[in-house]
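# Structural overview
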Amino acid sequence: MFSVEVRDRIMIAHSLPNPFFGPAQNLHGATYVIDVAFYREELTPENVVVDIGAALSVLSATLKPLAYQNLDVLPQFKGHLTTTEFLAKYVFDRIADAARSGSLGESGKSLARIRVTLSETDLARATYEGNIRG
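What comes next is a walk through the structure. Every chain begins its residue count from 1, and numbering advances along the sequence as written. Local features in a predicted model are, by the rule used here, given only for residues with pLDDT of at least 70; side-chain atom pairs are given and counted only at 80 or more, and totals for whole chains, interfaces and linings are based on all residues. Values reported for side chains reflect all heavy atoms of the structure, with hydrogen atoms and water molecules removed beforehand.

What follows covers the overall build of the protein chain. Secondary structure elements follow DSSP: runs of H or I no shorter than four residues count as helices, runs of E no shorter than two count as strands, and numbering proceeds from the N terminus. Looking only at helices and strands, one finds three helices and five strands in the protein chain. Secondary structure elements of the protein chain occur, N-terminal to C-terminal, as β-β-α-β-α-α-β-β. Computation of the radius of gyration draws on C-alpha atoms alone. For the globule rule, the value is 2.2 Å times the number of residues to the power 0.38. Taken against the 2.2 N^0.38 rule, which gives 14 Å for 134 residues, the C-alpha radius of gyration of the protein chain at 16 Å falls within 12% of a compact globule. Over its C-alpha atoms, taken along the principal directions, the protein chain stretches across nearly 50 × 30 × 25 Å. Burial classes: relative accessible area under 20% of the type maximum marks a residue as buried, over 50% as exposed, and values in between as partly exposed (1.4 Å probe, protein chains only). Counting the 134 residues in the protein chain, one finds 43% classified as buried. Residue contacts are defined here by distance: any two heavy atoms, one from each residue, within 4.5 Å place the two residues in contact. The long-range share in the protein chain, meaning contacts at least 24 apart out of those at least 6 apart in sequence, stands at 65%. When the accessible surface of the protein chain is split by element, carbon and sulfur atoms take 52% of a total near 7,500 Å². Neither His nor the chain ends contribute to the count of charged residues, in which Lys and Arg are positive and Asp and Glu negative. For this purpose, a charge sits on NZ of Lys, CZ of Arg, CG of Asp or CD of Glu. For the protein chain, the distance from the average position of its 13 positive side-chain charges to the average position of its 15 negative side-chain charges is 3 Å. Computed by Shrake-Rupley with a 1.4 Å probe, the accessible areas treat only the displayed protein chains as cover when residues are assessed.

Take the packing of helix α1 (residues 52–63) against helix α2 (residues 84–101) next. α2 packs onto α1 with a crossing angle of 135 degrees between their chain directions and a minimal axis gap of 10 Å. Taken as axis vectors, α1 and α2 run oblique relative to one another. For the element pair α1 and α2, the recorded crossing hand is right-handed. Touching V58, L59, T62 and L63 of α1 are V91, R94, I95 and A98, all from α2. Only C-alpha atoms enter the line fits that serve as axes; for helices the fit covers just the stretch in contact. Angles between N-to-C directions range over 0 to 180 degrees. Roughly parallel means an angle under 35 degrees; roughly antiparallel means over 145; roughly perpendicular covers 65 to 115; every other angle is labelled oblique. It is the rotation of the near helix from the far one that decides the hand of a crossing: anticlockwise by less than a right angle makes it left-handed, clockwise makes it right-handed.

If DSSP finds at least two bridges between two strands, the strands pair. Across the sheet, which stays open at both edges, the five strands sit in the order β3-β1-β2-β4-β5 with mixed pairing between neighbours. A strand with exactly one partner marks an edge of an open sheet, and here the two such strands are β3 (69–70) and β5 (125–131). Here two bridges tie strand β1 (residues 2–14) to β3, and the two strands are oriented parallel to one another. Bridge pairing links A13 to N70 in β3.

Glancing now at the environment of N26. Topologically, N26 is positioned in the loop between β1 and β2 (28–40). Look at N26 and you get exposed, because its relative accessible area is 52%. A sequence separation of eleven residues divides N26 from S15, and the C-alpha atoms of the two residues are 5.2 Å apart. If we ignore the near neighbours within four places in the chain, the residues touching N26 are H14 and S15.

Another point: α1. Compared with the 16 Å implied by 1.5 Å per residue over twelve residues, the 17 Å span of α1 between its first and last C-alpha is a close match. Where α1 is buried, its residues touch β1, β2 and α2. For the purposes of these results, a polar contact is taken to be a pair of N or O atoms within 3.5 Å, where, inside protein, one atom must be able to donate a hydrogen and its partner to accept one; residues adjacent in sequence count only when each atom of the pair is a side-chain atom. For α1, the N-terminal cap is D51; the gap from its side-chain oxygen to the backbone nitrogen of G53 is 2.8 Å. To estimate how far a helix should reach, multiply one less than its number of residues by 1.5 Å.

What follows concerns unusual backbone geometry. The phi dihedral of N47 is positive, around 65 degrees, even though this residue is not glycine. For N47, the location among the structural elements is in the loop between β2 and α1. Since its relative accessible area comes to 58%, N47 is described here as exposed. Residue Y68 is not a glycine yet carries a positive backbone phi of 60 degrees.

Any link to function would need more than the numbers given here.
In structure tokens form, the structure reads like this:
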């Protein structure tokens, strides 16, 4: 299996209003480093996994509406605990949609899998990985 990985980062604010989260119940900030890996079994005729420029652009466009925002007030997150794991799946869903729609170019339409990892610190990260084809 071949893979290509791209990276970006965002700063957000949010709270996790559930006693499970202790002090993180309160409003706090986080800086996430987001890594997205794209997988395919065989290289394209151009000998690539995916267009890296397109992958960087799609990741940037996915993250831009979240950057420097308080996630607690964004309508798409109403009623959700915006944990790192939850956000990894949120980003995955948008990147997978972009791949299927052609926003990653023709090579994106035939990717096998995508893995999204959000690193909170150098000590903690969460990942969501899945197939993007039916």
